[in-house]
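Architecture at a glance
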Amino acid sequence: MTPFIPVVRAKLMKASDGFSVTGERTYAPAVTVGINIVRLATDVTATSVRADKSGTKSYADEQLTKGRILVHPRFKPAEDDLIEIFGVQYKITGVRAVVSMDGKIDHYQAEL
């Protein structure tokens, strides 16, 4: 297996255990990491919303992002971390290590 060579630079913000006074998760300062993009797709769908008790319907747009990136093994991403790619922030929902033939971690595969 060839060594992992990243082609895109992104900013990784590690999730901390703390929360702000408004209940939002706090993050460590961003560090620049090397990644490769496998898939990055955004889908906007209309969802129905009940506006009040009268039963009138309203619609809202829901943005669903599905993606997979490969992260250089020097930086270990985790669930709930944020990664900024081309100025857009994505939440990491899953991570798994990919091991090379010699038993060393080649890169991390992160699901967005």
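Residues numbered from 1 in each chain as written. Predicted model: local features only at pLDDT ≥ 70, side-chain atom pairs only at ≥ 80, totals over all residues. Heavy atoms only, no water.

**A closer look at the overall build of the protein chain**
Looking only at helices and strands, the protein chain features zero helices and nine strands. Listed N to C, the secondary structure of the protein chain is β-β-β-β-β-β-β-β-β in terms of helices and strands. Classification of the 112 residues of the protein chain by burial places 27% in the buried group. The long-range fraction of contacts in the protein chain, counting pairs at least 24 apart against all pairs at least 6 apart in sequence, stands at 52%. Here the protein chain displays about 7700 Å² of accessible surface, and carbon together with sulfur accounts for 53% of that area. (Helix = DSSP H or I, 4+ residues; strand = E, 2+ residues; numbered from the N terminus. Buried < 20%, exposed > 50% of the residue type's maximum accessible area, 1.4 Å probe, protein only. Contact = heavy atoms within 4.5 Å. Areas by Shrake-Rupley, 256 points an atom, 1.4 Å probe, with all protein chains shown as cover.)

**Here we look at the nonpolar core**
It is characteristic of soluble globular proteins that their nonpolar side chains tend to be buried jointly. If you look at the biggest cluster of nonpolar residues, it comprises 14 residues, and the most contacted ones within it are Ile35, Ile69, Ile83, Ile85 and Leu112. Elements represented by at least two residues in this core include exactly strand E1 (8-13), strand E4 (31-50), strand E5 (57-71), strand E6 (82-85) and strand E9 (105-111). The residues touching Ile69, leaving out its near neighbours within four places in the chain, are Ile35, Asn36, Ile37, Val38, Ile83, Ile85, Tyr108, Gln109, Ala110 and Leu112. (Core = buried A, V, L, I, M, F, W, Y, C linked by side-chain atoms within 4.5 Å.)

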